[in-house]
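Each chain is listed here by its residues.
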Amino acid sequence: MKTMKALVWDGARAALTDRPVPALQEGTDAIVRVTLSTICTSDLHILRGAVPRAKPGIVLGHEFVGEVVETGSQVKGLAPGDRVAANCITFCGDCWFCRRGFINNCEKGGWELGCRIDGCQAEYVRVPFADTGLTKIPENVSDENALFTGDILSSGYFGAELCQLHPGDTLAVIGAGPVGLCTLACARLFGAAQTIAIDTDASRLALAKSLGLADRVIHTPEENPEERVLAWTGGRGADGVVEAAGSGDSFTTAWKIARPNGVVALVAMYEESQTLPLPEMYGKNLIFKTGGVDATHCAALLDLMAAGRLSDDFLITHRAPLNDILEGYRVFSQRLDHCLKWAVTPWESR
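Residues numbered from 1 in each chain as written. Predicted model: local features only at pLDDT ≥ 70, side-chain atom pairs only at ≥ 80, totals over all residues. Heavy atoms only, no water.

Undergrad: Can you explain the packing of aromatic side chains? Please cite residues and give values.
TA: Tallying each qualifying case throughout the model produces 3 aromatic pairs. Ring geometry for Trp96 against Phe97: centres 5.0 Å apart, planes inclined by 80°, an arrangement best described as edge-to-face. With a relative accessible area of 41%, Trp96 lands in the partly exposed category. (Phe/Tyr/Trp six-rings, centres within 6.5 Å; stacked < 30°, edge-to-face > 60°. Buried < 20%, exposed > 50% of the residue type's maximum accessible area, 1.4 Å probe, protein only.)

The structure is reproduced here in structure tokens:
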């Protein structure tokens, strides 16, 4: 039996181990050789026991690009040798929810890779429903740029989309981590004239400003977000707010800085329940929208990259082979050395 190296979570911890190279199980499957993967905050939630859906014994990881090596008999749009970017959501494309665009609620899928079935922090991965779960990468788009297409970039795009922005609007993004930075990168596509980044980490705010993603920044240990946003919007508040931080404080800030009749999009994954203080909010007439990754626009995002209108490779601050992925988890989880995303390259024989 041919084996490979993989990072396996046993329900308590993760460890590198040998696993069988995956094989096709259904006609809709594809086997992909992973050429680049990364570590996601959602992986950390699994390690912390905050994802009841997660199944012990799985290979972690759901963000990756790679090369198709084998396809099932029912796969129509892919062939061995194709470079592909993965969608972190598995969806059939044919059930009641999928036909209406609600792929997160697919009757046969959802967050499967690296949660309920083996994921991508390995040398090879089996991708169910490959025609919907994988997107061909244009020739002029690098693996580094395509890496985040089906998760972090899709999350950022989704957050901006949920806010229903109009040309000239102000978008405030709470959390200048990977999802927040991708939201800012997508904001101009929806007509935002002013973008505001809010975070506790001054270095992440400096990056958002230096990349031209944020017009203004708010460092919360030193500034009051509500006061600053009101001052920059003529006393109204932000037209749209994307909450990408996922804490109780950031949740409260989100509805406070939104203008009356504005939209608050909650795209963060919370580990604790949050409460809407409806008496305090009465009269603001806010629209709250929530959701996980809505990765229905992968092909469009890759086309935008190919056209030079969108880029996210600035997220990669660290890289090392699969051999060192546990060090990657340590650095990424503790945000050491200003780590935004740790890119995992293929296993190296040493």
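Undergrad: Pulling in residues and values, what's your account of unusual backbone geometry?
TA: In this structure, Phe129 is a non-glycine residue whose phi angle is positive, near 45°. Tracing the backbone shows Phe129 in the loop between strand 7 (124-127) and helix 3 (130-133). (Helix = DSSP H or I, 4+ residues; strand = E, 2+ residues; numbered from the N terminus.)

Undergrad: Requested: an account of the nonpolar core, with residues and values cited.
TA: For soluble globular proteins, nonpolar side chains are generally found buried alongside one another. In terms of nonpolar packing, the biggest core is built from 48 residues, with Leu153, Leu171, Leu181, Leu184 and Leu315 touching the most fellow members. When contributions to this core are tallied by element, the ones reaching two or more residues are helix 5 (152-162), strand 9 (170-174), helix 6 (178-187), helix 7 (202-210) and helix 11 (298-306). When residues in this core are grouped by element, the largest group, 7 residues, is from helix 6. Not counting residues within four places of it along the chain, the set of residues in contact with Leu184 comprises Val173, Thr195, Ile196, Ala197, Ala208, Leu213 and Ala214. Core analysis: the second largest hydrophobic core is formed by 32 residues, Leu7, Trp9, Ile103 and Cys298 among them. (Core = buried A, V, L, I, M, F, W, Y, C linked by side-chain atoms within 4.5 Å. Contact = heavy atoms within 4.5 Å.)

Undergrad: Summarise the packing of helix 8 (residues 225-232) against helix 9 (residues 248-257); cite the residues concerned and give the values.
TA: Their axes nearest at 10 Å, the elements helix 8 and helix 9 cross at an angle of 25°. Taken together, the axes of helix 8 and helix 9 are roughly parallel relative to one another. In the crossing of helix 8 with helix 9, the sense of the turn from one axis to the other is right-handed. Residues Pro225, Glu226 and Val229 of helix 8 form the contact with helix 9, whose participating residues are Thr253, Lys256 and Ile257. Classifying every residue of the contact of helix 8 with helix 9 gives 3 nonpolar, 1 polar and 2 charged. (Axes fitted to C-alpha atoms, helices over the stretch in contact; angles between N-to-C directions. Parallel < 35°, antiparallel > 145°, perpendicular 65-115°, else oblique. Left-handed = near helix turned anticlockwise from the far one by under 90°. Nonpolar A, V, L, I, M, F, W, Y, C, P; charged D, E, K, R; others polar.)

Undergrad: Quick one: what's the story with the sheet that holds strand 4 (residues 58-59), residue by residue and with numbers?
TA: Read from one edge to the other, the open sheet built from 3 strands follows the order 2-1-4, with strand pairing classed as antiparallel. At either end of the open sheet lies a strand with only one pairing partner, and these are strand 2 (14-20) and strand 4. The sheet contact formed by strand 1 (residues 3-9) and strand 2 spans 7 bridges and is antiparallel. Looking at strand 2, one finds that Thr3 is bridged to Pro20. (Pairing = 2+ DSSP bridges.)

Undergrad: Explain the packing of helix 5 against helix 6 residue by residue, including any values.
TA: Two quantities define a packed helix pair, namely the angle between the helix axes and the distance between the axes. Where helix 5 contacts helix 6, the two axes come as close as 7 Å, and the packing angle between them is 55°. One element, helix 5, and the other, helix 6, form an angle in the oblique class. Of the two elements, helix 5 crosses helix 6, and the hand of that crossing is right-handed. Residues Ile152, Leu153, Ser155, Gly156, Tyr157 and Ala160 of helix 5 lie in contact with helix 6, whose contacting residues are Pro178, Val179, Cys182, Thr183 and Cys186. Of the residues belonging to the contact of helix 5 with helix 6, the class tally is 8 nonpolar, 3 polar and no charged.

Undergrad: Run through the sheet that holds strand 9, naming residues and quoting values.
TA: Adjacent strands of a sheet pair through backbone hydrogen bonds, lying either parallel or antiparallel. Taken in spatial order, the 6 strands of this open sheet run 11-10-9-12-13-14, and their pairing is parallel. Each having just a single partner strand, strand 11 (216-219) and strand 14 (287-290) make up the two edges of the open sheet. Neighbouring strand axes in the sheet, compared pairwise and without regard to direction, differ in orientation by 15° on average. Bridge count between strand 9 and strand 10 (residues 194-199): 5 bridges; the pairing is parallel. Considered in strand 10, the bridge of Thr170 is made with Gln194.

Undergrad: Which residues make up the environment of Ala187, and what are the values?
TA: Checked against the element boundaries, Ala187 lands in helix 6. Judged by relative accessible area, which is 0%, Ala187 ranks as buried. As a C-alpha pair, Ala187 and Ala214 span 27 residues in sequence and 9.6 Å in three-dimensional space. Apart from the residues lying within four places of it in its own chain, the contact partners of Ala187 are Leu165, Leu171, Ala192 and Thr195.

Undergrad: Describe in detail the state of the cysteines, supporting the description with residues and values.
TA: What the rule picks out here adds up to 0 disulfides. Considering cysteine sulfurs only, Cys88 is the nearest to Cys40, which forms no disulfide, with 7.5 Å between them. Looking at Cys98, it has no disulfide partner, and the nearest cysteine sulfur is the one in Cys95, 3.6 Å off. (Disulfide = S-S within 2.5 Å.)

Undergrad: Explain the side chain of Thr183 residue by residue, including any values.
TA: When you line up the elements, Thr183 lands in helix 6. According to the relative accessible area criterion, Thr183 is buried, its value standing at 0%. Sequence-distant contacts of Thr183, defined by excluding residues within four places in its chain, comprise Gly156, Ala160, Leu171, Val173 and Val242.

Undergrad: Tell me about the pattern of salt bridges, residues and numbers included.
TA: On inspection of all chains with the given rule, the structure shows 15 salt bridges. Two residues, Arg48 and Glu271, come together in a salt bridge whose shortest N-O distance is 3.3 Å. Of this pair, Arg48 sits in the loop between helix 1 (41-47) and strand 4 while Glu271 sits in the loop between strand 13 (258-266) and helix 10 (278-281), and the two are 223 residues apart along the sequence. In this structure, Glu112 engages Arg53 in a salt bridge whose closest nitrogen and oxygen atoms are separated by 2.2 Å. Separated by 59 residues along the polypeptide, Glu112 in the loop between helix 2 (96-99) and strand 7 and Arg53 in the loop between helix 1 and strand 4 bring together distant segments of the chain. (Salt bridge = Lys/Arg side-chain N within 4 Å of Asp/Glu carboxyl O.)

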